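An overview of the molecular structure
Next come the chains, spelled out residue by residue.
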Amino acid sequence: MPEIELSAGTVEYEDTGGEGPVVVLLHGLLHDASVWRNVVAELRTDHRVLAPTLPYGAHRRPMTRPPTPDLVNELIAEFLDRLDLKDVTLVESDCGRAQTVAARHPERLARLVLISCEAFDNYPPGLPGRMIQLACRVPGGVPLLVRTLGSKPLRRLPVGFGALTRRAVPDEIVDRWLRPLRTDPAIRRDFRHYNTHVRRTELLEAAQGLRYFDRPALVVWAAEDLMMPREHGRLLAELLPRGRLVELRNTRTLIAEDRPGRLASLLRWFVAEG
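Conventions adopted
- Residues numbered from 1 in each chain as written.
- Predicted model: local features only at pLDDT ≥ 70, side-chain atom pairs only at ≥ 80, totals over all residues.
- Heavy atoms only, no water.
- Pairing = 2+ DSSP bridges.
- Helix = DSSP H or I, 4+ residues; strand = E, 2+ residues; numbered from the N terminus.
- Right-handed = clockwise from strand over helix to strand, strands pointing away.
- Core = buried A, V, L, I, M, F, W, Y, C linked by side-chain atoms within 4.5 Å.
- Buried < 20%, exposed > 50% of the residue type's maximum accessible area, 1.4 Å probe, protein only.
- Contact = heavy atoms within 4.5 Å.
- Disulfide = S-S within 2.5 Å.
- Axes fitted to C-alpha atoms, helices over the stretch in contact; angles between N-to-C directions.
- Polar contact = N/O pair within 3.5 Å; in protein donor to acceptor, adjacent residues only side chain to side chain.
- Left-handed = near helix turned anticlockwise from the far one by under 90°.
- Nonpolar A, V, L, I, M, F, W, Y, C, P; charged D, E, K, R; others polar.
- Phe/Tyr/Trp six-rings, centres within 6.5 Å; stacked < 30°, edge-to-face > 60°.
- Salt bridge = Lys/Arg side-chain N within 4 Å of Asp/Glu carboxyl O.

- For the chain, an unreviewed UniProt entry supplies the name Alpha/beta hydrolase and the organism Streptomyces tendae.

Structure below.
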């Protein structure tokens, strides 16, 4: 896997290469780029797809500067600049950093896709988001959180990965996501720092900036999402000057896990038509 040295540390990423339209896929908390594996497999034949692993707890290289949501926003913009990526379709699921990037750094973006993600005042999102916040503030909380999420009998509970998908994420993928937190104290420090430095007004500020994002934007929302309010999808699409909304059933937040083929088809259509 290639990696790039950025101002806050080393970021690993996947890059399919090729001459097709550039699509950059951003994942959410406690996942890495592998959450996009099935979508990448669909798009790689005719798109250049890049998927960085951000410092959200499943990263394998500790940061040299303690990560915060605001720092990750700048890392994403730096990633686009350092790789000289142009006319990018920026896609994000679960977390909300792409909203701030689009509002503050639109110069390299051709399109924006927001997929069932944090927005407005739903930040941190839902009961799982609040549990993560609590775990990061209580001594010994992160190891306990990892043991709970890593327990196979508990993985489908609605306070863990069960809140994110209708279908079980393969055990080897969940194990991959949790291994850095389980084995590396430096990754646990990164994770705690990120989650104890959330600025609750960030996405409300980003929403104001999105009013001026004049490029095509697609909002894809899970109609049965347990963490991201359904009305937030509609509100984001209305807020964006060129926004469109597509709602999908038979999926929860991680549409890339539940319905990767349908999501890849939507992205291909949007890049071609948007």
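On we go from here.
**Some thoughts on the pairing of strand β8 (residues 243-248)**
- The pairing of strand β7 (residues 217-222) with β8 spans six bridges and is parallel. In the strand pairing of β8, V219 is matched with L245.
- Once the chain exits β7 it traverses helix α9 (residues 230-239) before rejoining the sheet at β8, and the crossover so formed is right-handed.

**Comments concerning the nonpolar core**
- Counting residues in each nonpolar core, the largest one holds 92 residues, and the members touching the most others are V24, W36 and L112.
- Apart from residues no more than four positions distant in its own chain, L112 is found in contact with L90, A98, A102, L210, F213, P216, A217, L218, L240 and F270.

**Describing the state of the cysteines**
- For the structure shown, the criterion picks out zero disulfides.
- As a non-bridged cysteine, C117 has C95 as the owner of its nearest cysteine sulfur, 9.0 Å distant.
- Summary of cysteine pairing: C136 is not part of a disulfide, and the nearest cysteine sulfur, belonging to C95, is at 12 Å.
- A relative accessible area of 8% places C136 in the buried class.

**Things to note about the sheet that holds β8**
- Taken in spatial order, the eight strands of this open sheet run β1-β2-β4-β3-β5-β6-β7-β8, and their pairing is mixed. Both outer strands of the open sheet, β1 (3-6) and β8, are each paired with one neighbouring strand and no more. Strand-to-strand, the axes of this sheet are offset by a mean angle of 20°, without reference to chain direction.
- Two strands pair when backbone bridges link them, and β1 and strand β2 (residues 9-15) are joined in this way by four bridges, in the antiparallel orientation.

**A closer look at the pairing of strand β5 (residues 88-94)**
- Burial analysis of β5 places seven of its seven residues in the buried class, the great majority of the element.
- The pairing of strand β3 (residues 22-26) with β5 spans four bridges and is classified as parallel. Following the sheet pairing, L25 is matched in β5 by V91.
- Note that β5 and strand β6 (residues 109-117) share seven bridges and pair parallel. Among the inter-strand pairings, V91 is bridged to a residue of β6, identified as V113.

**Side note on helix α7 (residues 185-195)**
- Taken as a whole, α7 has its buried residues at A186, I187, R188, D190, F191, Y194 and N195.
- As for α7, its buried residues are in contact with α2 (69-82), α3 (97-104), α4 (126-137), α5 (141-150) and α6 (171-183).
- N-capping of α7 is provided by D184, with a side-chain oxygen placed 2.9 Å from the backbone N of A186.

**Some details on the packing of α4 against α7**
- Axis separation between α4 and α7 bottoms out at 9 Å; the angle between their running directions is 115°. Between α4 and α7 the crossing geometry is left-handed. Residues I132, Q133, C136 and R137 of α4 touch α7, and the partners they reach there are F191, R192 and N195.
- Residues belonging to the contact of α4 with α7 are distributed by class as follows: three nonpolar, two polar and two charged.

**A look at the packing of aromatic side chains**
- Under the defined criterion, the tally for this structure stands at four aromatic pairs.
- With 5.3 Å between their ring centres and 80° between their planes, Y13 and F79 make a pair best called edge-to-face. Here Y13, found in strand β2, pairs with F79, found in helix α2; they are 66 residues apart in sequence, far enough to count as distant.
- Note on Y13: relative accessible area 9%, which makes it buried.

**Describing unusual backbone geometry**
- At the junction of Y123 and P124, the peptide bond is cis and its omega measures out at 0° in the coordinates.
- Counting through the fold element by element, P124 comes out in the loop between β6 and α4.
- The residue F120 is not glycine, and still its phi comes out positive at about 55°.

**Quick look at the pattern of salt bridges**
- Taken as a whole and assessed by the stated rule, the structure comprises 21 salt bridges.
- Residues R234 and E238 are paired through a salt bridge, measuring 3.4 Å at the closest nitrogen-oxygen approach. Note that R234 and E238 are positioned in helix α9 at a spacing of four residues, about one turn of the helix.
- On the accessibility criterion, R234 (39% relative accessible area) is partly exposed.
- Residue E238 is classed as exposed on the basis of its relative accessible area, which comes to 55%.
- It is possible to trace a salt-bridge network through shared partners that takes in E12, D32, R60 and R176.

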